[in-house]
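If you want the building blocks of each chain, they are given just below.
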Amino acid sequence: MVQSAVLGFPRIGAFRELKKNTESYWNGKISADQLLAVGKDIRAHNWKLQKDAGVDIIPSNDFSFYDQVLDLSLLFNVVPARYTKYDLPALDTYFAMARGLQRKATESSKAVDVPALEMVKWFDSNYHYVRPTFSHSTEFKLNGSKPIDEYLEAKALGIETRPVLVGPVSYLFLGKPDKDSLDLEPISLLEKILPVYIELLKKLAAAGVKQVQIDEPTLVLDLPENVKAAFKTAYEKLTSTEGLPELILTTYFGDVTPNLSAIEGLKVAGFHFDFVRAPQQLEKVVSILNDKQTLSVGIVDGRNIWKNDLASSIKFVKEAIAKVSADRVIVATSSSLLHTPVDLTNEKKLDAEIKDWFSFATQKLDEVVTIAKAVSGETASISEKLSANAASIKTRKEHAITNDPAVQKRLGEINDALATRSSPFPKRLAIQKEEFHLPLFPTTTIGSFPQTKDIRVERNKFAKGQISEEEYTEFIKKQIQEVVDFQESVGLDVLVHGEPERNDMVQYFGERLKGFAFTTNGWVQSYGTRYVRPPIIVGDVSRPGPMTVKTSVYAQSITKKPMKGMLTGPVTILRWSFPRNDVPQKTQSLQLGLALRDEVQDLEAAGIHVIQVDEPAIREGLPLRAGQERTDYLKWAAESFRVATSGVKDSTQIHSHFCYSDLDPNHIKALDADVVSIEFSKKDDPKYIQEFSNYPNHIGLGLFDIHSPRVPSEEEFIARIGEILKVYPAEKFWCNPDCGLKTRKWEETKASLANMVAAAKYYREKYATK
Ligand SMILES: CN1c2c(nc(N)[nH]c2=O)NC[C@@H]1CNc1ccc(C(=O)N[C@@H](CCC(=O)N[C@@H](CCC(=O)N[C@@H](CCC(=O)O)C(=O)O)C(=O)O)C(=O)O)cc1
Ligand SMILES: N[C@@H](CCS)C(=O)O
Ligand SMILES: [Zn+2]
């Protein structure tokens, strides 16, 4: 019998139980023990769900209160001294690393003031991990027992699990040196970290663990030679040490074959490969297996919500079986299911026909089990499922929504002229200087202001029909007025309306564009306690009517300062939605570009002369490896943005914004935005600042971390700007936060922005006298 396996299950709870309770803990409303109990309940629920679905290999240690990479940092004592010096309880040190901590002294405790660690994209997904930060003084040691505890917890429930660990090479490679150790290359720490992995694996074995899923997703990246070599060093040690569990070396999100030599010959018990992303790698990866090693076939998509085409998956797994043998093949999810919503059955508002095309994490459990049964010859028990699945796949292929001739005609008419601004940047800049008369070091924000409980409750009432559209619109206008008043009073130069009308910067547009479906409970973790409900692109996309014009026009009408129109860009809408898998991403992105072009032009015509089109996902969409696919992506991603933004006059200033990735300035040049703002406050390496100093257009390097409640002082802003100005030309420099302020409270927002504006004024005066 071929076994089924799941690589990880969403840990947020079907109704966001983890978010609600973690935030309650942060707000002092529940105790640490109560929060820990919630975690325990979620884990038990998830394990039982998988057991009941008939999954053979169920993961443990896939749960996390914030992030699985951060869990490992705490477990291995990769905790910079600035977090340990306060002697906080372990859970609070953990959250301080994740989101910073600023607390006044009380009678019983001393003051705490520590910023968060850096947070970055997890490969090409919208999940973010907390970057391990190493220094010369890092002393690896086992600092806890989370994986062992969670394994035993499942065992006590009668459920045998396979613990998941991020492997040593990926863990180090995904990290960075701390600011006091910039010469340190994390991979050089391999020999030091391996004994701790061995100690942990021994303890897992002692607890009864037979096999561990060891994740090495960096194998799908272009790797330097020393990192490639590290796999042999690491796994020869981990497979030759007595008394350790078997290891399944697990890769996902791409093709491993360019790095095959790095893992060939390793004596692990087996390998997992992502055949949803890279089916073409089958032949080559099979060639490195010895005659005992297992092949875990990732065939149920952990990154999208489309119902699995069971017939085609069964065919694929049978090919794998023909190359290996049934007893050595496992049918698995392609990656962890963390990136998919929890349960489709909680969606009551989706059109029934379209809903039938989807499969969320819970439904995917049944898919792996069904494929495993089918390839084991158990066809009788599943024949009805197979025919229903085939019917659903066929209906989707033939549905009218997937083909809109008007959209396709317009797509065919895109040409270079349509996607190019009338004049080059220097000419536009001169015209815009006359238009806006902005000071040196202009200050602005990225768009959103605090999404308060009041706003969410009011939107919820409106969605449920408890208040009228007029009442909701009045409420939103009042919010905008407050945001504008504040920005004027604090002295910001280019204002925003604050985005109070938006549930999310992507979902909001998905809900207003034709060709999308959206969910009620389809939450997916983006980072920590922040989740998103990615809309689903089900067909050709177009804009039935203006989406933001009334709001922006209102906001501009109440101030004399320039008001930025605020849109989400085509690539970001695509990447943060669940895209179609029946047409290329390029097609979907250009369709979105056209829809947004109409919006940009309507905004301009309505008197909005600064328009920001956010593209924070542009870097994460970059194919993970260099090559033709990457070159093509950069071309169509930039083209989509330019299709959206090039239809305006030279005097209209186009802004864009990027965050949470290691951005290469060369990748954004082709967008030809007049001003870009990027998340930057955690970038300590002067080399990185240098790279951006050559960026030709204007740029705001983010000056404070918006994920942290911590408020930087005016002096801190002055010092940071001073550092940047050592290498960065003042005339291009905008002052802004790292990203939108929606997750912050008002008091933090007001204080941080006041300090930022004061620092900008300090430099304005300093430079005026130069
Ligand atoms: C900028 N980022 C974004 C990313 N991806 C996106 N799709 N959007 C982004 O903004 N990726 C990179 C970065 C960082 N990532 C995130 C992701 C998510 C958030 C965030 O703040 N999420 C909110 C949820 C936002 C939302 O959809 N809100 C809705 C529903 C609110 C709600 O919970 N309503 C309650 C009722 C009201 C109440 O009682 O409170 C309910 O339904 O029960 C809305 O506002 O209408 C989050 O809280 O997780 C930030 C950055
Ligand atoms: N305009 C958005 C961009 C986030 S990436 C915001 O401010 O929230
Ligand atoms: Zn951002």
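Residues numbered from 1 in each chain as written. Chains lettered and ligands numbered in written order. Predicted model: local features only at pLDDT ≥ 70, side-chain atom pairs only at ≥ 80, totals over all residues. Heavy atoms only, no water.

1. Remarks on the overall build of the chain
Secondary structure summary: the chain contains 28 helices and 24 strands in total. Relative to the compact-globule value of 27 Å for 770 residues, the chain shows a C-alpha radius of gyration of 26 Å, a close match. Counting across all 770 residues of the chain, residues that qualify as buried make up 62%. Pairs at least 24 apart in sequence give 78% of the contacts found in the chain among residues at least 6 apart. If you sum the accessible surface of the chain, you get close to 29500 Å²; carbon and sulfur atoms cover 52% of it. Where the 98 positive side-chain charges of the chain centre and where its 102 negative ones centre are 1 Å apart. (Helix = DSSP H or I, 4+ residues; strand = E, 2+ residues; numbered from the N terminus. Rg over C-alpha atoms; globule rule 2.2 N^0.38 Å. Buried < 20%, exposed > 50% of the residue type's maximum accessible area, 1.4 Å probe, protein only. Contact = heavy atoms within 4.5 Å. Areas by Shrake-Rupley, 256 points an atom, 1.4 Å probe, with all protein chains shown as cover. Lys, Arg positive; Asp, Glu negative; His and termini not counted. Charge placed at Lys NZ, Arg CZ, Asp CG, Glu CD.)

2. Digging into the site of ligand 1
Near ligand 1 lie 27 residues; those nearest to it are Lys19, Asn126, Arg459, Asp504 and Lys742. Taking serine 526, its side chain carries an N or O atom lying 3.0 Å from a nitrogen atom of ligand 1. Lysine 742 is positioned with one of its side-chain polar atoms (N or O) 2.4 Å from an oxygen atom of ligand 1. The fraction of the free accessible surface of ligand 1 (990 Å²) that becomes covered by protein chains is 87%. Listing elements by their share of the shell around ligand 1, those giving two or more residues are helix H18 (453-463), strand E16 (524-527) and strand E17 (530-532). Counting residues per element, the shell around ligand 1 draws most heavily on H18, which supplies five residues. (Near = heavy atom within 4 Å. Polar contact = N/O pair within 3.5 Å; in protein donor to acceptor, adjacent residues only side chain to side chain.)

3. Digging into the UniProt feature "binding site: L-homocysteine" (unreviewed entry) in the chain
Mapped onto this numbering, the UniProt entry gives "binding site: L-homocysteine" (unreviewed entry) at Ile446, Gly447, Ser448 and Asp614. Across 169 residues, the annotated set stays spatially compact, with a maximum C-alpha separation of 11.7 Å. Tracing the backbone through its elements, the reader meets isoleucine 446 in the loop between helix H17 (425-436) and H18. Residue contacts for isoleucine 446: discarding those within four places in its chain leaves Glu499, Met566, Gln612, Asp614, His657, Ser677, Asn736, Pro737, Asp738, Cys739 and Gly740. (UniProt positions renumbered as here; feature names shortened; annotations may be inferred.)

4. A look at the pairing of strand E14 (residues 329-333)
Of all five residues in E14, five are buried, a share of seventy percent or more. Judged from the three bridges that link them, strand E1 (residues 3-5) and E14 form a sheet pairing that is parallel. In the strand pairing of E14, glutamine 3 is matched with isoleucine 330. Pairing analysis gives five bridges linking strand E13 (residues 294-300) to E14, with the strands arranged parallel. Of the residues in E14, the one forming a bridge with serine 296 is isoleucine 330. At this point the chain moves from E13, through helix H12 (residues 310-323), to the parallel E14, and the crossover so formed is right-handed. (Pairing = 2+ DSSP bridges. Right-handed = clockwise from strand over helix to strand, strands pointing away.)

5. Brief notes about the coordination of the zinc ion (ligand 3)
Looking at the metal site, the zinc ion (ligand 3) is ligated by His657 (NE2), Cys659 (SG) and Cys739 (SG), spaced 2.1 to 2.3 Å from it. Of note is the zinc ion (ligand 3), whose four donor atoms meet at the metal with angles of 103 to 120° in an arrangement that counts as tetrahedral. One chain supplies every donor for the zinc ion (ligand 3), spaced along it as H-x1-C-x79-C. With histidine 657 in strand E21 (residues 653-658) and cysteine 739 in the loop between strand E24 (733-734) and helix H28 (746-768), the pair connects residues that are 82 residues apart, well separated along the chain. Judged by its relative accessible area of 2%, histidine 657 is buried. (Donors = N, O, S within 2.8 Å, 3.2 Å for Na, K, Ca; no water. Tetrahedral: all angles 85-135°; square planar, octahedral: opposite > 155°, others 65-115°.)

6. Focus on the site of ligand 2
Taken together, the neighbourhood of ligand 2 is formed by 13 residues, with Ile446, Ser448, Glu499, Asp614 and Gly740 sitting nearest. For ligand 2, an oxygen atom lies 2.7 Å from a polar atom in the side chain of serine 448. Taking lysine 742, its side chain carries an N or O atom lying 3.4 Å from an oxygen atom of ligand 2. Relative to its unbound accessible surface of 270 Å², ligand 2 loses 98% to contact with the protein.

7. Some points on the sheet that holds E24
An order of E19-E20-E21-E22-E23-E24 is seen for the six strands of this open sheet, with the pairing classed as parallel. One side of each edge strand has no neighbouring strand; the edge strands of this open sheet are strand E19 (564-568) and E24. As paired elements, E19 and strand E20 (residues 610-614) share five bridges and run parallel to each other. Note that in E20 the partner of threonine 568 across the bridge is aspartate 614. Along the sheet, helix H23 (residues 585-605) makes contact with E19 and E20, crossing E19 at roughly 170°. (Axes fitted to C-alpha atoms, helices over the stretch in contact; angles between N-to-C directions.)

8. Focus: empty space enclosed by the protein
For the structure shown, the criterion picks out seven cavities of 30 Å³ or more. Approximately 290 Å³ is the volume attributed to the largest cavity. Taken together, 24 residues make up the lining of the largest cavity; nearest its centre are Asn61, Asp62, Gln68, Val164 and Asp215. Elements represented by at least two residues in the lining of the largest cavity include exactly helix H3 (68-75), helix H6 (146-156), strand E8 (161-166) and strand E10 (211-215). Of the residues forming the lining of the largest cavity, the biggest block, four residues, is contributed by H3. Residue classes in the lining of the largest cavity are distributed as 12 nonpolar, seven polar and five charged. Quantified by volume, the second largest cavity comes out at close to 70 Å³. Taken together, Ala98, Ala116, Leu117, Glu118, Met119, Tyr660, Glu679, Ser681, Lys682, Asp705, His707 and Asp738 make up the full set of residues lining the second largest cavity. The residue makeup of the lining of the second largest cavity, split by class, is five nonpolar, two polar and five charged. (1 Å grid on protein atoms, 1.4 Å probe; cavity = no way out; pocket = protein on both sides within 12 Å on 5 of 7 lines; lining within 4 Å. Points joined across faces, edges and corners; volume = space filled by probe spheres on them. Nonpolar A, V, L, I, M, F, W, Y, C, P; charged D, E, K, R; others polar.)

9. Observations concerning the nonpolar core
Judged by nonpolar contacts, the single largest core of 225 residues is most densely connected at Phe76, Tyr171, Tyr235, Ile263, Leu295 and Phe692. When residues of this core are assigned to their parent elements, the largest contribution, 10 residues, is made by helix H8 (residues 190-207). By size, the runner-up hydrophobic cluster in this structure holds 14 residues, among which are Leu350, Val524, Val532 and Ile536. (Core = buried A, V, L, I, M, F, W, Y, C linked by side-chain atoms within 4.5 Å.)

10. Re the side chain of serine 336
With respect to the helices and strands, the residue serine 336 is situated in the loop between E14 and helix H13 (352-355). With a relative accessible area of 18%, serine 336 lands in the buried category. In contact with serine 336, not counting residues within four places along its chain, are Leu7, Gly8, Phe9 and Gly302.

11. Side note on the environment of phenylalanine 516
Tracing the backbone shows phenylalanine 516 in strand E15 (residues 514-517). Expressed as a C-alpha distance, the spacing of phenylalanine 516 and lysine 40, which sit 476 residues apart in the sequence, is 36 Å. Apart from residues lying up to four places away in sequence, phenylalanine 516 is in contact with Gly510, Pro535, Ile536, Ile537, Val538, Val541, Ile573, Ser577 and Leu592.

12. With respect to the side chain of glutamate 150
Tracing the chain through its elements places glutamate 150 in helix H6. A residue is classified by how much of its surface remains accessible, and glutamate 150, at 4% relative accessible area, is buried. Those residues within four positions of glutamate 150 in sequence are excluded, and the remaining contacts are Arg43, Trp47, Ser60, Asn61 and Phe63.

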